[in-house]
Amino acid sequence: MAQATFKFPKDFMWGTATASHQVEGRNTNNNWYQWEQEGHIIPGHTCGLACDWWGGRWREDFDRAAEGGQNAHRLSLEWSRIQPTPDRWDEDALDYYRQVVRGLHERGMRPMVTLHHFTDPLWITEQGGWENEKTVGHFQAYVEKVVTALKEYVTFWCTINEPNVYATMGYLMGDFPPGKGDLGSAFQVMTNLLKGHAAAYHAIHKIQAEAEVGLVVNYRGMVPHRAWFPLDKLVAGLQSRTYNDFFPHAATTGKLKFPFKTLTVSEAQKTQDFLGINYYTQDRVSFSLLAVKELFGKRFFDPQDEVSETGFIANHPSGMYDAIKWGRQFNVPLIVTENGVEDSTGKLRPRYLIEHIHQIWRGLNHNWPVKGYFHWSLVDNFEWERGWTQRFGLWELDIETQTRTPRPSAELYAEICQNNALSSQMVEEYAPEVLEKLFPG
Ligand code: IFM
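Undergrad: I tried to follow the overall build of the chain on my own but got confused; where do I start?
TA: Helix and strand counts for the chain come out as 15 helices and 15 strands. In summary, the chain has a C-alpha radius of gyration of 21 Å against a globular reference of 22 Å for 441 residues, a match within 12%. Expressed as lengths along the three principal axes of its C-alpha atoms, the size of the chain is roughly 65 × 55 × 45 Å. With 441 residues in all, the chain has 60% of them scored as buried. Once local pairs closer than 6 in sequence are excluded, the contacts in the chain between residues at least 24 apart make up 74%.

Undergrad: What is the right way to look at the packing of aromatic side chains in this model?
TA: Each aromatic ring pair is summarised here by two numbers: the centre-to-centre distance and the angle between the ring planes. A complete count under the given rule lists 34 aromatic pairs for this structure. When the ring of Trp54 is compared with that of Tyr96, the centres are 4.2 Å apart and the planes differ by 45°; the resulting orientation is tilted. Of this pair, Trp54 sits in helix α3 (residues 53-67) while Tyr96 sits in helix α5 (residues 91-106), and the two are 42 residues apart along the sequence. Assessed through its relative accessible area of 28%, Trp54 is described here as partly exposed. Using a relative accessible area of 11% as the deciding quantity, one classes Tyr96 as buried. Ring centres 4.9 Å apart and planes at 20° place the aromatic pair Trp79 and Tyr142 in the stacked group. Here Tyr142 lies in helix α7 (residues 134-150) and Trp79 lies in helix α4 (residues 79-82), a separation of 63 residues in the sequence. A residue is classified by how much of its surface remains accessible, and Trp79, at 1% relative accessible area, is buried. Accessibility expressed as a relative area gives 0% for Tyr142, which makes it buried. Taken together, Phe8, Phe12, Trp14, Tyr373 and Tyr413 form an aromatic cluster joined through their ring pairs. Taking NZ or CZ as reference, Arg110 lies 4.1 Å from the ring centre of Phe156, over its face. Directly above the aromatic system of Phe258 lies the positively charged group of Lys261, at a separation of 5.5 Å from the ring centroid.

Undergrad: Would you mind showing me how to read the site of the ligand here?
TA: All residues adjacent to the ligand are Gln22, His117, Phe118, Glu162, Tyr280, Phe312, Glu338, Trp376, Glu383, Trp384, Arg386 and Phe392. In the environment of the ligand, an oxygen atom lies 2.7 Å from a nitrogen or oxygen atom belonging to the side chain of Gln22. The contact in question runs from an oxygen atom of the ligand to an N or O atom on the side chain of Trp384, over 2.9 Å. Coverage of the ligand by the protein chains reaches 95% of its 280 Å² of free accessible surface. Each residue belonging to the shell around the ligand can be placed in one class, and the counts come to six nonpolar, two polar and four charged.

Undergrad: What is the right way to read the pattern of salt bridges from this model?
TA: Side chains bearing opposite charge may pair, as long as their charged atoms lie close to each other. Taken as a whole, this structure holds 27 salt bridges when the rule is applied. As a salt-bridge pair, Glu131 and Lys180 come within 3.0 Å of each other at their nearest N and O atoms. In this pair, Glu131 sits in the loop between α6 (122-126) and α7 while Lys180 sits in the loop between α8 (163-173) and α9 (183-207), placing the two residues 49 residues apart along the sequence. Residue Glu131 is classed as partly exposed on the basis of its relative accessible area, which comes to 25%.

Undergrad: When you look at the pairing of strand β3 (residues 72-76) in this model, what are you seeing that I'm missing?
TA: Moving residue by residue along a regular strand, the side chains alternate between the two faces of the sheet. Counting buried positions over the five residues of β3 gives five, a clear majority of the element. Burial along β3 is two-sided: Ala72, Arg74 and Ser76 facing one way and His73 and Leu75 facing the other are all buried. In this sheet, β3 lies alongside strand β2 (residues 13-17) in parallel orientation, the contact comprising three bridges. Within the sheet, the bridge partner assigned to Ala17 lies in β3 and is Arg74. Pairing between β3 and strand β4 (residues 110-116): five bridges, direction parallel. Of the residues in β4, the one forming a bridge with Ala72 is Arg110.

Parameters at a glance
Residues numbered from 1 in each chain as written. Predicted model: local features only at pLDDT ≥ 70, side-chain atom pairs only at ≥ 80, totals over all residues. Heavy atoms only, no water. Helix = DSSP H or I, 4+ residues; strand = E, 2+ residues; numbered from the N terminus. Rg over C-alpha atoms; globule rule 2.2 N^0.38 Å. Buried < 20%, exposed > 50% of the residue type's maximum accessible area, 1.4 Å probe, protein only. Contact = heavy atoms within 4.5 Å. Phe/Tyr/Trp six-rings, centres within 6.5 Å; stacked < 30°, edge-to-face > 60°. Lys NZ or Arg CZ within 6 Å of the ring centre and 35° of its normal. Near = heavy atom within 4 Å. Polar contact = N/O pair within 3.5 Å; in protein donor to acceptor, adjacent residues only side chain to side chain. Areas by Shrake-Rupley, 256 points an atom, 1.4 Å probe, with all protein chains shown as cover. Nonpolar A, V, L, I, M, F, W, Y, C, P; charged D, E, K, R; others polar. Salt bridge = Lys/Arg side-chain N within 4 Å of Asp/Glu carboxyl O. Pairing = 2+ DSSP bridges.

Structure below.
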């Protein structure tokens with residue numbers, strides 16, 4: 001077969017994504033540490049040292065990323081370190097983050113910094129967390145402090161990571177802190193998170209006119225289980241609007257569209273310079289009177305689906321195409337800020353990576369404005385309530401010895417980044433089973 005290459009645009013960003021609590025270790029002043037101490041995560045698992053970035057191992061991980069041709073990295077800051085108590089800023093913590101983002105530049109990688117990635121300082125939690133509107137003002141003050149401190153090195157900011165997951169998991173499903181199951185609280189939290197995003201957007205632009213600021217949503221395809229059944233279609237649409245559309249729509253129009261009411265937050269209008277999309281998987285949705293918290297739509301994977309090691313992800317590469325197609329309605333540049341699969345043996349990841357990147361390339365051929373791809377994740381890290389049971393890294397981590405070992409996809413991703421392209425040779429080597437599908441003839 002003739003060799004062929006899918007090329008990506010010049011200046012396309014290739015990177016990996018991480019989050020402070022998942023990689024730093026020794027974070028003991030936030031709601032997730034408390035949640036772990038209270039015994040809400042997989043028994044026997046602790047975040048502990050995580051990937052020991054707080055101890056300086058970010059340097060070796062960034063070296064690997066840079067050697068693999070990555071030209072960007074998405075990381076997050078730990079609010080509880082920077083502002084351990086309401087009346088104290090920790091200048092040493094800010095200095096640490098300054099070294100980290102400078103370290104990225106020194107290695108030729110552009111930092112994309114997330115200001116809030118699931119964790120809250122304990123003092124924020126004690127005051128009611130994001131259910132309390134006062135948190136919006138506290139978040140703004142923290143954002144002003146860090147943007148002033150890091151502006152020399154960072155112009156690319158994600159305000160809040162996956163506010164839809166934060167609200168759903170913490171206030172509806174109860175798997176994340178504070179473990180509630182209350183629709184009213186979830187809607188209150190969504191409102192305040194959106195206000196927090198808007199406040200951060202304006203604050204950042206006041207300090208740094210050239211900044212690019214956006215929020216990051218977790219996009220899940222919601223497919224009506226029975227295409228012929230109107231109630232399945234109805235609840236799939238309702239779920240998709242509430243889960244997927246709510247935040248980017250509100251950051252475009254200032255309108256917060258809840259299932260049965262709409263609120264206006266005018267300062268949220270036009271507060272995204274880009275939209276970050278985290279895409280992993282797709283659900284089927286069927287109408288069920290019992291699924292009250294899920295707006296009467298029961299979500300599950302199709303029994304035919306190929307699923308990941310612990311059943312967390314159903315492999316639907318075409319969902320990546322759908323996600324970016326969906327993202328176009330917001331009329332801003334799009335960035336795939338996360339995508340990946342838990343796979344400790346590295347059997348599925350190469351094919352998953354290839355097929356998802358191929359779908360982005362398809363979108364680019366329609367001139368859809370995708371500016372970059374950040375793989376989740378660089379190295380195995382702490383997976384929240386699932387502890388260490390899920391391994392998302394291009395590099396495997398031994399948490400006892402802190403040794404990193406490359407999985408086959410580390411080499412594959414390096415080839416993609418270095419060539420700014422996906423080639424038939426790469427597919428032949430790493431996932432020959434899809435060669436004919438991707439490169440027919
Ligand atoms: O690890 C998480 C990340 O913190 C947010 N997005 C999904 C990832 C995989 O579960």
